[in-house]
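An overview of the molecular structure
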Amino acid sequence: MLATPWQILVSPTNTCQQLIATPQWWPAFMTQWILVLLSSLVVRSPMLELLESAGVGGGRDRLTPSLVISLALLLFFWLIICNLLAAALLKLAAALVGGRVGYRLCLVAVTHGFMPIALGYVLSAITFLIIQPLSVNPIEAVTLSIKPYSFGLATLAPHLFPPATFAWFLASYLDVLGLWALVLIVTASLRFLGLSKTQAIWLAGELMLLSFAVITGWWQITQRWLLSIGG
């Protein structure tokens, strides 16, 4: 059961068949949580130095046990909310194409489908530790603190995607790992719902539109943060 979150990355079809028999969502969620928590802890110190060099906060602090516990709890509740909301959106999107599935299976599909994104946090943290960029530009520092590195056009062609722009957000979050996550969620939905190819195409389109909407909302929140820093 604990290996299932990793099996979805290499054998999604067979793993989905196993999940239909034993629809457990918590192993994948706990794996997400551990990966994101470890990534946040290892980049905390260099990230604070980066923000300090840009004059937008930061500084140095010690990773005390109470700080680690607070961060772990914060990430736990943040991730559980994200997964629960994503499962609700998937259930709605599936219903619009004629699929009928319980919320539990939607949660199973989402928690396992998010595994590439959780893995991306680890890879991004490792890249950040190796390079350890420093910037005096507040906008660059803030965008690096949001998502240090993506695995797509935002990193490969940074001149085409200026930091904190809407294009940067789209390219950063809909990178190879983000699109992989969408493919896994659609694959799981196909197995759980038994959709036709036409329904699957419509579902993929709906999920892409929902992704655009969520990224747009996150971009707008970040713009307000940047305006408050600039003010």
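I will try to describe carefully the structure that is included in this document.

What counts and what doesn't
Residues numbered from 1 in each chain as written. Predicted model: local features only at pLDDT ≥ 70, side-chain atom pairs only at ≥ 80, totals over all residues. Heavy atoms only, no water. Helix = DSSP H or I, 4+ residues; strand = E, 2+ residues; numbered from the N terminus. Rg over C-alpha atoms; globule rule 2.2 N^0.38 Å. Buried < 20%, exposed > 50% of the residue type's maximum accessible area, 1.4 Å probe, protein only. Contact = heavy atoms within 4.5 Å. Lys, Arg positive; Asp, Glu negative; His and termini not counted. Charge placed at Lys NZ, Arg CZ, Asp CG, Glu CD. Disulfide = S-S within 2.5 Å. Core = buried A, V, L, I, M, F, W, Y, C linked by side-chain atoms within 4.5 Å. Phe/Tyr/Trp six-rings, centres within 6.5 Å; stacked < 30°, edge-to-face > 60°. Lys NZ or Arg CZ within 6 Å of the ring centre and 35° of its normal. Polar contact = N/O pair within 3.5 Å; in protein donor to acceptor, adjacent residues only side chain to side chain.

1. A short note on the overall build of the protein
If you tally the helices and strands in the protein, you get eleven helices and zero strands. Counted from the first residue to the last, the protein has its helices and strands arranged as α-α-α-α-α-α-α-α-α-α-α. What you see for the protein is a C-alpha radius of gyration of 19 Å, in line with the 17 Å of a compact globule of 231 residues. Each principal axis of the C-alpha distribution contributes one length, and for the protein these read about 55 × 40 × 25 Å. Burial statistics for the protein: of 231 residues in total, 44% are counted as buried. Expressed as a percentage of contacts within the protein between residues at least 6 apart in sequence, the contacts between residues at least 24 apart total 74%. Side-chain charges of the protein comprise 10 positive and 6 negative groups, with the mean position of each set lying 17 Å from the other.

2. Some points on the environment of Trp180
Mapped onto the fold, Trp180 is located in helix 10 (residues 176-193). The partly exposed category is assigned to Trp180, whose relative accessible area is 29%. Separated by 64 residues in the primary sequence, Trp180 and Pro116 have C-alpha atoms spaced 6.6 Å apart. Non-local contacts of Trp180, meaning those with residues more than four positions away in its chain, are made with Leu9 and Pro116.

3. Describing the state of the cysteines
Overall, the coordinates contain zero disulfides when judged by the stated rule. The closest cysteine sulfur to the non-disulfide-bonded Cys16 is located on Cys106, 13 Å from its own sulfur. Using a relative accessible area of 3% as the deciding quantity, one classes Cys106 as buried.

4. Overview of the environment of Pro116
Relative to the assigned elements, Pro116 resides in helix 6 (residues 115-131). Pro116 gets classed as buried once you look at its relative accessible area, which sits at 0%. Counting along the chain gives 63 residues from Pro116 to Leu179, while the straight-line C-alpha distance between them is 9.0 Å. Contact partners of Pro116, with chain neighbours within four places excluded, come to Leu9, Leu177, Trp180, Ala181 and Leu184.

5. Side note on the nonpolar core
Core analysis: the biggest nonpolar cluster contains 41 residues, and Ile8, Leu90, Phe192, Leu203 and Leu207 have the highest contact counts within it. For this core, the element with the highest residue contribution is helix 10, accounting for seven residues. In this structure, Leu207 is in contact with Leu90, Ala93, Leu182, Ile185 and Val186, ignoring residues within four places of it in sequence. Within the second largest apolar cluster, eleven residues are counted, among which are Met47, Leu51, Ala125 and Tyr149.

6. Considering the packing of aromatic side chains
Considering all chains together, one arrives at seven aromatic pairs under this definition. Seen from their ring centres, Phe76 and Phe77 are 5.6 Å apart, and the 90° between their planes marks the pair as edge-to-face. Measuring from centroid to centroid gives 6.2 Å for Phe169 and Tyr173, while their planes differ by 25°, and the two rings are stacked. One end of the pair, Phe169, and the other, Tyr173, are both in helix 9 (residues 166-173), four residues apart, so they sit about a helical turn from each other. The class of Phe169 is buried, set by a relative accessible area of 0%. An aromatic cluster of at least three residues, connected via ring pairs, comprises Trp25, Phe29, Trp33, Phe76 and Phe77. Over the ring of Tyr173 we find Lys147; its NZ or CZ atom is 5.1 Å from the centre of that ring.

7. What to know about the side chain of Gln32
Its location among the elements puts Gln32 in helix 3 (residues 26-53). Here Thr111 takes part through its backbone oxygen, which lies 3.0 Å from a polar atom of the side chain of Gln32. Excluding residues that lie within four positions of it along the chain, Gln32 makes contacts with Leu79, Asn83, Thr111, Phe114 and Ala118.

8. Some details on unusual backbone geometry
In this structure, Gln132 is a non-glycine residue whose phi angle is positive, near 45°. Its location among the elements puts Gln132 in the loop between helix 6 and helix 7 (138-146). Backbone geometry at Ala164 places phi at a positive 75°, although glycine is not the residue there. By relative accessible area, which is 7% here, Ala164 ends up buried.

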